[in-house]
Amino acid sequence: MSAFITQFINLLAAILLMLAFAMLSQRRILSLIYLYTLQGATLVAATAIVGFVTGQPHLYFSAAITLVLKVLLIPMLLHRVIDRLNVRWDVETLINIPTTMLIGIVLVMFSFYLAEPISQMSSTIARGTLGIALACVLLSFMMMITRSKAVPQVIGFLSMENGLFFAATAATYGMPMVVELGIALDVLVGILILGVFMFHIREQFDSLDIRHLEKLKED
Amino acid sequence: MNVLGYLSQILEILLALLLAPLLTGWINQWRAWLQNRSAPSLLQPYRKLHKLFHKELVLAGHASSLYRATPYVVFGCMALACAIIPSLSTDLPLSPAADAIALVGLFALARVFISLAAMDVGTAFGTLGARREMLIGFLAEPALLMVLFSASLLSRSTSLTTIVDTLAHRDLAIYPSLAFAGVAFTMVSLAENARIPVDNPATHLELTMIHEALILEYSGRHLALLEWAASLKLFAYSCAGLALFFPWGIADALSPLALLLALPMLILKLALGGALLALLEGVSAKMRIFRVPEFLATAFLLAVIGMLVNILLGV
């Protein structure tokens, strides 16, 4: 039974990685938000299962917080933001997508290699998935780098937080409750501030392209 | 290797030759149903083959012998591919003839010949089709190899029969690597078999066709062989996918009963797979030709990740 559950957690981790790549290759903002919601839902399932197997009730709480925040509240906020800004469609990428994905493979190899000695020292049930969690973090980070518009960058930031959360669950059965609550609140406040920020960028430059921010003086 | 082994080998080849047009007809029927059209008969591909075999052969004036040999080469490659993929039994006398890597080579051989033949007559469409076919082929082949490698990592062998044998006899377990490989394989087989979203098998719209552009100049029995070979290729890919990812029901012991049980199982799986393929085609739109590299890069990437996950998690 325990072996089966470990395999199931591994499968969920693999789905998280697949979703991270899907986000990397996605051109539409609307699909990005759906993928982010899906990532949150997978994370909820993984956390709840780890909590169930190890009998740690605080993991149920963090799964519940993840459900409310990352599956319901934040996607809803993002939908409202893109509705207001009227940017549902194409996303510009700075590097073309096949190249991005090839760099992505290298990142995955790097993080698998990096995580191997760490996961050997750990004794948790999901230790094998630490490499995947690290890869998710790096891939989201790359998504923030390769996108030139503000909304996909914010989604990259949020999915990076998802990766970190999964890494914490995999390596040490989650962070202490206070830290977790703090991060959850931080993410929520962060998305609100970034939402306001996006409206300001748009008002100032008539575009969400953050390259405009590099100019220090008005022409 | 005994009489029964040879019997199952012969049965498998015959089955592939006979059932391949039926599978094509079945998929066409489902496509028509899903598009709210009245469906053509299930036997339509056979009628088409019959008609083409009885038609006069028209050759271009300056067609070389390569052009005339190509349909036989392509047909032979696909028939051999169907023979070495274990669809009914894992005990096949022909299986040492080619392993998983040679199987990809076999498909590549057919592709090279058909592309050369398309350029041979010197029409614009043939050349255009050949170039597109090569573009798709050179991206699809590495992805297909990676899919086969992630399956052979699980069984420590590149022989197709050993791979399928190992996969069929594992304990019930979830293999994340096989999930990745399965998605990648589906994408590759859509591209390789000229299905939507990469190519539309039903189109004769000049600017978008790939497979149809290659065989545009062929007629009569040559065209019949090429159409049959295309059906065989689809059949081979379907059987390979079923054998790798749903290997239950394939006979391993040499008994007539197991073979008899494997046959309805295979037909059931093919029927389900064909309907799913038609559904997949129905819900997706044909993509621009320059988006195809992206599509196939994704397939390659998923297959590589499958292998990496296999190495990381050890399953």
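For the structure given in this document, a descriptive report is provided here.

Conventions used here
Residues numbered from 1 in each chain as written. Chains lettered and ligands numbered in written order. Predicted model: local features only at pLDDT ≥ 70, side-chain atom pairs only at ≥ 80, totals over all residues. Heavy atoms only, no water. Helix = DSSP H or I, 4+ residues; strand = E, 2+ residues; numbered from the N terminus. Rg over C-alpha atoms; globule rule 2.2 N^0.38 Å. Buried < 20%, exposed > 50% of the residue type's maximum accessible area, 1.4 Å probe, protein only. Contact = heavy atoms within 4.5 Å. Patch = residues over 30% accessible without salt bridge, like charges linked within 9 Å, V, L, I, M, F, W, Y side chains within 5 Å. Areas by Shrake-Rupley, 256 points an atom, 1.4 Å probe, with all protein chains shown as cover. Salt bridge = Lys/Arg side-chain N within 4 Å of Asp/Glu carboxyl O. Axes fitted to C-alpha atoms, helices over the stretch in contact; angles between N-to-C directions. Parallel < 35°, antiparallel > 145°, perpendicular 65-115°, else oblique. Left-handed = near helix turned anticlockwise from the far one by under 90°. Nonpolar A, V, L, I, M, F, W, Y, C, P; charged D, E, K, R; others polar. Core = buried A, V, L, I, M, F, W, Y, C linked by side-chain atoms within 4.5 Å. Buried area = accessible area lost by both parts, 1.4 Å probe. Polar contact = N/O pair within 3.5 Å; in protein donor to acceptor, adjacent residues only side chain to side chain. Expected span 1.5 Å × (residues − 1). Bend = angle between axes of the 7 residues up to and from the residue. Phe/Tyr/Trp six-rings, centres within 6.5 Å; stacked < 30°, edge-to-face > 60°. Lys NZ or Arg CZ within 6 Å of the ring centre and 35° of its normal.

Describing the overall build of chain A
- Scanning chain A from terminus to terminus reveals seven helices and zero strands.
- Across chain A, helices and strands are ordered from the amino to the carboxyl terminus as α-α-α-α-α-α-α.
- For chain A, the C-alpha radius of gyration of 18 Å lies close to 17 Å, the compact-globule estimate for 219 residues.
- Principal axes of the C-alpha set define a box for chain A whose edges measure 65 × 35 × 30 Å.
- The burial tally for chain A puts 50% of its 219 residues in the buried class.
- Excluding contacts between residues fewer than 6 apart, the proportion of contacts in chain A whose partners are at least 24 apart in sequence is 76%.

Some points on a nonpolar patch on the surface
All names here are of chain A.
- A cluster of nonpolar side chains, L67, V68, L72, L73 and M76, forms an exposed patch at the surface whose accessible area comes to about 430 Å².
- Examined against the element boundaries, L67 turns out to sit in helix 3 (residues 57-85).
- Judged by relative accessible area, L67 falls into the partly exposed class, the value being 39%.

Describing the packing of helix 5 (residues 124-155) of chain B against helix 7 (residues 176-192) of chain B
Residue and element names in this part refer to chain B.
- Close contact between helix 5 and helix 7 brings their axes to 9 Å; oriented N to C, the two are set at 150 degrees. Judged on the interaxial angle alone, helix 7 and helix 5 are roughly antiparallel. Crossing of helix 5 over helix 7 shows left-handed handedness. Of the residues in helix 7, those in contact with I136, A140, E141, A143, L144, V147, S150 and L154 of helix 5 are L178, A181, A184, F185, V188, A191 and E192.
- Here the contact of helix 5 with helix 7 is composed, by residue class, of 12 nonpolar, one polar and two charged.

Examining the nonpolar core
- With 156 residues, the main nonpolar core has A:L17, A:F21, A:V108, A:F112, A:I155, B:L232 and B:F235 as its most contacted residues.
- Considering each element in turn, this core owes the most residues, 16 residues, to helix 9 (residues 220-245) of chain B.
- Once residues lying within four places of it in the same chain are set aside, the contact partners of A:L17 are A:V108, A:F112, A:I132, A:A135, A:C136, A:L139, B:F180, B:I305 and B:V309.

What about the interface of chain A and chain B?
- Residue-level contacts link 22 residues of chain A with 18 residues of chain B.
- A combined buried area of about 1,900 Å² lies between chain A and chain B, and 84% of that area is made up of carbon and sulfur atoms.
- Viewed at the interface, chain B and chain A are joined by one salt bridge.
- Close ionic contact of B:E294 with A:R27 constitutes a salt bridge, the shortest N to O distance being 2.4 Å.
- Run the count over chain A and chain B and you get one residue pair in polar contact (both at pLDDT 80 or more).
- Going through the elements one at a time, helix 1 (2-25), helix 4 (97-121) and helix 5 (130-146) of chain A are the ones with two or more residues in the side of chain A that touches chain B.
- With nine residues, helix 1 of chain A is the single largest residue contributor to the side of chain A that touches chain B.

So, helix 3 (residues 65-84) of chain B
Residue and element names in this part refer to chain B.
- For helix 3, spanning 20 residues, the distance from its first C-alpha to its last is 29 Å, which sits close to the expected 28 Å at 1.5 Å a residue.
- Of all the bends found along helix 3, the most pronounced is centred on P71 and spans about 30 degrees.
- The complete set of buried residues in helix 3 reads Y67, T70, P71, V74, F75, C77, M78, A79, A81, C82, A83 and I84.
- Buried-residue contacts for helix 3 involve helix 1 (3-34), helix 4 (100-120), helix 6 (160-168) and helix 9.

As for the side chain of B:S150
- Relative to the helices and strands, B:S150 resides in helix 5.
- Sequence-distant contacts of B:S150, defined by excluding residues within four places in its chain, comprise B:A181, B:A303, B:G306, B:M307 and B:N310.

Quick notes on the pattern of salt bridges
- What the rule picks out here adds up to nine salt bridges over all chains.
- Linking A:E161 and A:K70 is a salt bridge whose minimum nitrogen-to-oxygen distance equals 2.8 Å. Of this pair, A:E161 sits in helix 6 (residues 150-172) while A:K70 sits in helix 3, and the two are 91 residues apart along the sequence.
- Put simply, B:E227 and B:K48 hold a salt bridge, and the shortest N to O gap is 3.5 Å. Placement of the pair is B:E227 in helix 9 and B:K48 in helix 2 (residues 44-53), with a sequence separation of 179 residues.

Quick look at the environment of A:S148
- Summarising the element assignment, A:S148 is placed in the loop between helix 5 and helix 6.
- On the accessibility criterion, A:S148 (1% relative accessible area) is buried.

Considering the packing of aromatic side chains
- One pass over the full model with this rule turns up eight aromatic pairs over all chains.
- Judged by centre distance (5.5 Å) and plane angle (80 degrees), the ring pair of B:W30 and B:W33 falls under edge-to-face. Of this pair, B:W30 and B:W33 both sit in helix 1, three residues apart, which is roughly one turn of that helix.
- For B:W30, a relative accessible area of 27% puts it in the partly exposed group.
- Of the residues examined, B:W33 reaches a relative accessible area of 42% and is grouped as partly exposed.
- With centroids separated by 5.3 Å and ring planes inclined at 55 degrees, the aromatic side chains of B:F75 and B:W228 adopt a geometry described as tilted. Of the two residues, B:F75 sits in helix 3 while B:W228 sits in helix 9, which places them 153 residues apart along the sequence. Judged on exposure class, the residue B:F75 and its partner B:W228 are both buried.
- Site record: aromatic cluster; members linked through ring pairs are B:F107, B:F185, B:Y237 and B:F245.
- Its end group placed over the ring of A:F165, A:K70 keeps NZ or CZ at 4.4 Å from the ring centre.

Brief notes about the packing of helix 2 (residues 29-54) of chain A against helix 3 of chain A
All names here are of chain A.
- Running from N to C, helix 2 and helix 3 cross one another at 175 degrees; their axes reach a closest spacing of 8 Å. With respect to each other, helix 2 and helix 3 are oriented roughly antiparallel.
- Here the residues of the contact of helix 2 with helix 3 sort into 20 nonpolar, eight polar and one charged.

A word on helix 5 of chain A
- For helix 5 of chain A, built from 17 residues, the straight-helix expectation of 24 Å at 1.5 Å per residue is met to within 8% by its first-to-last C-alpha distance of 24 Å.
- Judged by how many residues are buried, helix 5 of chain A sits mostly within the fold: 12 of 17 residues are covered.
- Among the residues making up helix 5 of chain A, those that are buried are A:L130, A:G131, A:I132, A:A133, A:A135, A:C136, A:V137, A:L139, A:S140, A:M142, A:M143 and A:T146.
- For helix 5 of chain A, the elements touching its buried residues are helix 1, helix 2, helix 4 and helix 6 of chain A together with helix 11 (292-313) of chain B.

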